[in-house]
Amino acid sequence: SPGSAPVGLDFDSFASRGPIPPAEDPSRERRDHANDRRVCQELLQKHEVMREILSGRLEKAKAVKECFEKQRCLRRTVDYLVRMNDPSVLVDLCLPLLRAREHLKLDAACEMVPALCGLLGENMDVSGRERWVCHALEALSRVNDLF
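Summarised in this report is the structure supplied together with it.

Before going further, it helps to spend a moment on the overall build of the protein chain. Along the protein chain, the regular secondary structure elements total six helices and zero strands. Considering only intrachain contacts with a sequence separation of at least 6, the fraction spanning at least 24 residues in the protein chain is 57%. Element-wise, carbon and sulfur atoms account for 56% of the exposed surface of the protein chain, whose accessible area totals about 10,800 Å².

Next up, the structure:
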């Protein structure tokens, strides 16, 4: 029977039964257009902010890479990364640095452990904290497995 079908499967239960409404008045159309412009401007501003944040993180990641390429010493690279005091860059780079097994020594791992533990206690919004905690725990687990 038509009344017993789930709403999402019964087209008649959610389809419009009235006539299509006439065109809206021009003043409403202008207001909608102005609202659309405002929304677009807000999105572009947020995009610009995100671009700046990610560009900054990329520059810091490049600086860490350059430090490693110059010194070929993972302990000094980790020290440089930790002294940056930027948890987001630490999260971005901790796992790739721990994958550099041919360069990884206990001193570099010991340099990274306090910074990773610090990520576990950082104050931030819930979604960001979850990612940081997961990366920190994975990195700490990898250090434990390696040593």
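The discussion continues.
So, about a nonpolar patch on the surface. A contiguous nonpolar surface patch, about 360 Å² in accessible area, is contributed by Val 49, Met 50, Ile 53 and Leu 54. In this structure Leu 54 comes out as partly exposed when scored by relative accessible area, which is 44%.

Closest axis-to-axis distance for the helix H3 (residues 74–84)/helix H5 (residues 106–120) pair is 8 Å, and the angle between their directions is 15 degrees. The orientation of H3 with respect to H5, classified from their angle, is roughly parallel. Along this stretch, H3 crosses H5, giving a crossing that reads as left-handed. Contact residues: H3 offers Leu 74, Arg 75, Val 78, Asp 79 and Val 82, while H5 offers Asp 107, Ala 108, Glu 111, Met 112 and Ala 115.

We now examine H3. Listed in full, the buried residues belonging to H3 are Leu 74, Thr 77, Val 78 and Leu 81. All buried residues of H3 project into a common sector of 95 degrees when viewed along the axis, lining one side. One or two steps after H3, the chain reaches Asn 85, where phi turns positive at roughly 55 degrees.

Here the focus is the packing of H3 against helix H4 (residues 87–98). Running from amino to carboxyl end, H3 crosses H4 at an angle of 165 degrees, the nearest separation of the two axes being 10 Å. Accordingly, the angle class assigned to the pair H3 and H4 is roughly antiparallel. Here H3 runs over H4; the crossing is left-handed. The residues of H4 that touch H3, namely those facing Leu 74, Thr 77, Val 78, Leu 81 and Met 84, are Val 89, Leu 90, Leu 93 and Leu 97. Considered class by class, the residues forming the contact of H3 with H4 number eight nonpolar, one polar and no charged.

Another point: the side chain of Ser 88. Tracing the backbone through its elements, the reader meets Ser 88 in helix H4. A distance of 2.6 Å separates the side chain of Ser 88 from the side chain of Asp 86, its partner in a polar contact. If we skip the residues at most four places from it in the chain, Ser 88 touches Arg 57 and Trp 132.

Under the defined criterion, the tally for this structure stands at 10 salt bridges. As a salt-bridge pair, Asp 92 and Arg 57 come within 2.7 Å of each other at their nearest N and O atoms. One end of the pair, Asp 92, is in helix H4; the other, Arg 57, is in helix H2 (residues 26–71), with 35 residues separating them in the sequence. By relative accessible area, which is 28% here, Asp 92 ends up partly exposed.

With that settled, consider the nonpolar core. Counting residues in hydrophobic clusters, the biggest one holds 26 residues, and the most contacted among them are Leu 74, Leu 81, Cys 94, Leu 97, Met 112, Leu 116 and Leu 119. Here the element with the most residues in this core is H4; it accounts for eight residues. Ignoring sequence-local partners within four residues, the contact set of Leu 74 consists of Phe 68, Leu 97, Ala 100, His 103, Leu 104 and Ala 108.

Attention now goes to H5. Here H5 is 15 residues long and its end C-alpha atoms lie 21 Å apart, about the 21 Å a rise of 1.5 Å per residue gives. Buried within H5 we find Ala 108, Ala 109, Met 112, Ala 115, Leu 116 and Leu 119.

Procedures and definitions
As a convention, each chain's residues are numbered from 1 in the sequence order in which they are written. Where local features are concerned, this predicted model is filtered to residues with pLDDT of at least 70; where side-chain atom pairs are given and counted, the filter is 80 or more; whole-chain, interface and lining totals use all residues. Side-chain numbers here rest on the full set of heavy atoms in the structure, without hydrogens or water. The helix and strand labels rest on DSSP assignments: H or I over at least four residues marks a helix, E over at least two residues marks a strand, and numbering proceeds from the N terminus. What makes two residues a contact is simply this: any of their non-hydrogen atoms within 4.5 Å. A 1.4 Å probe and the Shrake-Rupley method give the accessible areas. Residues count as covered only by the protein chains that appear here. Patches in this entry comprise residues that are over 30% relatively accessible and not in a salt bridge; like charges within 9 Å are linked, as are nonpolar side chains (Val, Leu, Ile, Met, Phe, Trp, Tyr) within 5 Å. What makes a salt bridge here is a side-chain nitrogen of Lys or Arg within 4 Å of a carboxyl oxygen of Asp or Glu, nothing more. Throughout this description, buried means an accessible area under 20% of the type-specific maximum (1.4 Å probe, protein chains only), exposed means over 50%, and partly exposed covers the range between. A fitted line through C-alpha atoms represents every axis, and for helices the fit uses only the stretch in contact; the resulting angles, taken between N-to-C directions, go from 0 to 180 degrees. When an angle is under 35 degrees it counts as roughly parallel; over 145 it counts as roughly antiparallel; between 65 and 115 it counts as roughly perpendicular; any other value is oblique. Here is the rule for handedness: rotate from the far helix to the near one, and if that takes an anticlockwise turn smaller than a right angle the crossing is left-handed, while a clockwise turn gives right-handed. Think of it as the arc spanned by the lines of direction from the helix axis to the C-beta atoms. Gly falls in the polar group here, along with every residue not listed as nonpolar (Ala, Val, Leu, Ile, Met, Phe, Trp, Tyr, Cys, Pro) or charged (Asp, Glu, Lys, Arg). Side-chain atoms alone can form a polar contact between residues adjacent in sequence; in general such a contact is a pair of N or O atoms within 3.5 Å, and within protein one must be able to donate a hydrogen while the other accepts it. By convention a nonpolar core is built from buried Ala, Val, Leu, Ile, Met, Phe, Trp, Tyr and Cys residues, the set being connected through side-chain atoms within 4.5 Å. Between the first and last residue of a helix there are one fewer steps than residues, each counted as 1.5 Å, and that sum is the expected span.

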